[in-house]
Amino acid sequence: MAIVHGIVGFATCLCLIVFYLGADAFGSINDVGNAALGLLSGGLAWRFQESAAKVRPVFVGIAALGAMIIVVGSILILTDATGFFLAGLVSATGFALIGVWLIAAGRRLADSPWPQRLQRAGLVAGAVMVLGFVSVPGIIMGLDDLNTAPGWTYVGGLSWAGTYLLFPAWSLRLAGTTSPPGEN
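Computed from a prediction, not measured in an experiment: that's the story for all the values here.

Asks: What am I meant to see in the nonpolar core here?
Replies: Generally speaking, nonpolar side chains in soluble globular proteins are found buried as a group. Ranked by internal contacts, the top residues of the largest apolar core, which has 28 residues, are Trp-101, Phe-167, Trp-170 and Leu-174. Counting residues per element, this core draws most heavily on helix α4 (residues 84–110), which supplies 8 residues. Excluding residues within four positions of it along the chain, Trp-101 makes contact with Leu-44, Ala-45, Phe-48, Val-55, Phe-59, Val-60, Ala-63, Phe-167 and Trp-170. Ranked by size, the runner-up nonpolar core spans 5 residues in total, among them Phe-85, Leu-86, Leu-89 and Leu-143.

Set out below in C-alpha cells:
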C-alpha cells in the first residue's frame, strides 16, 4: 500500500504540473488523484497502525476524517459545486488532518527501532502538511477566487509540498523498510 500511495502522490503532483502547463484534461485527473491519495492515506494510516508503530487509535480516526474531507474537496470541484480554490482549501484541510496522524506516527517511531530517517521524514512531512489548517478560515469565509484571496492563504498552499512530495517520499521509504531492525 505504501508503494501505491507514493506513486499516486507523485503522479497526482505531475498531473497538476501538466494541467498548469496547459493540458486542461489533467485538472480533472488531478482532482480524482487527490481523492485517491486521500483514501490511500487513510488506508495507510490503518495499515500502519496494524503492523508498525501502534499509533493511538484517535490519530487513525483523525486520518480517516481527513480522508473523507479530501474526498469531499474532490467532489466539490468535480461536480462544479465550487471552484478549484475553495475545493483546494477543503482538501488541504483534509490533508492537514492526515499530517497530524503522520506527526503522531513519526513520534511513535522515535520510540521504536525503526530507522531514524523514516522518523524524521514523517515528522517533517506531517509538519508541512499541517500548514493546511491555515485554510480553515478561508473555507468559513467561502473564498473561491485565487486572484482576490488574502495573502495568508498562500501559507496553507505550502502544505501541498508536504502532500505531493514529502509524504509520498515517506511512503516509499516506508515501503523500503520491511520491518524494524531485529524483528525478522
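Still more to cover.
Asks: Explain the packing of aromatic side chains to me, please; I cannot follow it from the model alone.
Replies: One pair of aromatic rings is described through two measures. These are the centre distance and the angle between the planes. As enumerated under the stated definition, the model contains 7 aromatic pairs in all. Centre to centre, the rings of Phe-48 and Trp-170 are 5.6 Å apart; their planes meet at 70 degrees, and the pair counts as edge-to-face. One end of the pair, Phe-48, is in helix α2 (residues 25–51); the other, Trp-170, is in helix α8 (residues 159–176), and 122 residues separate them in sequence. Of the residues examined, Phe-48 reaches a relative accessible area of 3% and is grouped as buried. Of the residues examined, Trp-170 reaches a relative accessible area of 0% and is grouped as buried. An aromatic cluster of three or more residues is present, and its members are Phe-48, Trp-101, Phe-167 and Trp-170.

What counts and what doesn't
Residues numbered from 1 in each chain as written. Predicted model: local features only at pLDDT ≥ 70, side-chain atom pairs only at ≥ 80, totals over all residues. Heavy atoms only, no water. Core = buried A, V, L, I, M, F, W, Y, C linked by side-chain atoms within 4.5 Å. Buried < 20%, exposed > 50% of the residue type's maximum accessible area, 1.4 Å probe, protein only. Helix = DSSP H or I, 4+ residues; strand = E, 2+ residues; numbered from the N terminus. Contact = heavy atoms within 4.5 Å. Phe/Tyr/Trp six-rings, centres within 6.5 Å; stacked < 30°, edge-to-face > 60°.

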